[in-house]
Each structure stands twice: as structure tokens, then as C-alpha cells.
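# Examination of the molecular architecture
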Amino acid sequence: ETFLTSHQDDAAAEMFRLAAPMCAVAESWERLADLYNRTKQWQNAIEALDRYLEMAPAKAWAIRRQGFAYEQLGDWHQANVHYKSAAELGDAYAQNSYGWSLYTARGVTRDLVEAIRWFRATAGQGNATIGTRTTSEPGTTARNPWPSHA
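Quick caveat: nothing in here was measured; it's all calculated off a predicted structure. (Residues numbered from 1 in each chain as written. Predicted model: local features only at pLDDT ≥ 70, side-chain atom pairs only at ≥ 80, totals over all residues. Heavy atoms only, no water.)

Right, let's talk about the confidence of the model for the protein for a bit. Looking at the protein, the pLDDT average stands at 81 and 73% of residues meet or exceed 70. Looking across the protein, the model is least confident in helix α1 (residues 6-19), with a mean pLDDT of 67, and most confident in helix α5 (residues 76-88), with 97. (pLDDT = per-residue confidence, 0-100. Helix = DSSP H or I, 4+ residues; strand = E, 2+ residues; numbered from the N terminus.)

The topology assignment puts Gln-41 in the loop between α2 (26-38) and α3 (42-55). A residue is classified by how much of its surface remains accessible, and Gln-41, at 25% relative accessible area, is partly exposed. (Buried < 20%, exposed > 50% of the residue type's maximum accessible area, 1.4 Å probe, protein only.)

Bringing the packing of aromatic side chains into the picture now. Overall, the coordinates contain 4 aromatic pairs when judged by the stated rule. With a centroid separation of 5.1 Å and 55° between ring planes, the pair formed by Tyr-52 and Trp-61 is classed as tilted. A single burial state applies to Tyr-52 and to Trp-61, both of which are buried. Ring geometry for Tyr-98 against Trp-118: centres 6.1 Å apart, planes inclined by 75°, an arrangement best described as edge-to-face. Of this pair, Tyr-98 sits in helix α6 (residues 92-104) while Trp-118 sits in helix α7 (residues 112-124), and the two are 20 residues apart along the sequence. (Phe/Tyr/Trp six-rings, centres within 6.5 Å; stacked < 30°, edge-to-face > 60°.)

Between its first and last C-alpha atoms α7 spans 18 Å; for 13 residues at 1.5 Å apiece the expected length is 18 Å, and the two agree. Buried within α7 we find Ala-115, Trp-118, Phe-119 and Thr-122. One side of α7 carries all its buried residues, which in axial view fall inside an arc of 100°. Exposed and oriented more than 90 degrees from the buried face of α7 are Val-113, Arg-120 and Gly-124. Near the N-terminus of α7, the side chain that reaches the backbone nitrogen of Val-113, with its oxygen 3.3 Å away, is that of Asp-111. Directly after α7, the chain includes Gly-126, whose backbone phi takes a positive value near 85°. (Expected span 1.5 Å × (residues − 1). Arc of directions from axis to C-beta. Polar contact = N/O pair within 3.5 Å; in protein donor to acceptor, adjacent residues only side chain to side chain.)

Further remarks concern the packing of α2 against α3. Close contact between α2 and α3 brings their axes to 8 Å; oriented N to C, the two are set at 165°. By the criterion of interaxial angle, the relationship of α2 to α3 is roughly antiparallel. With respect to the hand of their crossing, α2 and α3 are arranged in left-handed fashion. Contacts between α2 and α3 pair Ala-26, Glu-27, Trp-29, Glu-30, Leu-32, Ala-33, Tyr-36 and Asn-37 from the former with Trp-42, Asn-44, Ala-45, Ala-48, Leu-49, Arg-51, Tyr-52 and Met-55 from the latter. Looking at the contact of α2 with α3 residue by residue, the class counts come to 11 nonpolar, 2 polar and 3 charged. (Axes fitted to C-alpha atoms, helices over the stretch in contact; angles between N-to-C directions. Parallel < 35°, antiparallel > 145°, perpendicular 65-115°, else oblique. Left-handed = near helix turned anticlockwise from the far one by under 90°. Contact = heavy atoms within 4.5 Å. Nonpolar A, V, L, I, M, F, W, Y, C, P; charged D, E, K, R; others polar.)

If you look at the biggest cluster of nonpolar residues, it comprises 30 residues, and the most contacted ones within it are Ala-48, Tyr-52 and Ala-62. Of all the secondary structure elements, the ones that give two or more residues to this core are α2, α3, α4 (60-72), α5, α6 and α7. Ala-62 has contacts with Leu-49, Tyr-52 and Leu-53, leaving out every residue within four places of it along the chain. (Core = buried A, V, L, I, M, F, W, Y, C linked by side-chain atoms within 4.5 Å.)

Another aspect to go through is the environment of His-77. The topology assignment puts His-77 in helix α5. Between the C-alpha atom of His-77 and that of Arg-106, which follows or precedes it by 29 residues, the distance is 8.5 Å.

One non-glycine residue, Lys-40, lies in positive phi territory at about 60°. Looking at the secondary structure, you find Lys-40 in the loop between α2 and α3. Residue Lys-40 is classed as exposed on the basis of its relative accessible area of 58%. A positive phi angle, near 60°, is found at Ala-58, a position not held by glycine. Within the fold, Ala-58 resides in the loop between α3 and α4.

See the structure below:
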């Protein structure tokens, strides 16, 4: 994977932003969301993923990515709405994130029984990050919040 400089990322994002509406291809919106993620333009990433999901509904990984973007914006309510939705669709990373929110009462009422249920679901899919945070906040375990959606 090639990493661009911040300036190149911004220029590429602007080109994709202008071109994506002319394309009837969901992947154009996915690539734009990826660029917005790299440049930490969370609201723009959410909007690009909205457009992607209009063309490719019920893609758990895209819904989870929206949850992560909302988390970065500090909107834990919306983050958990998206994490739960993606978790219900079977996304292991969303199951972990939603379980963590339930365990720590971050944006939701603490529910240890439900947290354990989601941790078991993610473990059942081989997710080795059970019970760890999805961001690189101090005192937490860092990992890529936008893992492959294969």
C-alpha cells in the first residue's frame, strides 16, 4: 500500500470528492472514505460511507467504520448505534467495540451480561482483540480501526 503525504492525501481526497458523484460505483465512495479517514476528516468520512451504503446496503464493515468516525468526533451515542448495527450483522470488530462500550458504559448503560455476549461473539470469529479498545487513546491497545472487510 502506498502512503501519500498529508498534502497529497488532501489533493487526492479533493479529486475523489469531485469525481465520486459522477460515478455509479460504490467503491469510489469507499476510497473517498478511506482518504478522509487518513486525513482525520471524520464527518466527511461518515458522509462518504453514507453514499457507499446507499449503493451497497447492509455492509457491516462500512457501518462499523461510521461508528469509528463518530467515536473520533466524540459522539458515543451514534458510535454505539453504528457499532451495534454492524455487530448484529456479524462484524467481529464492531462486536468487540460495542461490547467494550457496554462494559465501560461509554455512551450506553453498563450491561456486563450483554458485553460478555458480544465478547463471546467476536471471540467465536477468532478476533484476538477481545476487550481491547479500538483507538490509540492513552492507556489502551492500539490497532487499525479500519481492518480489511474481506
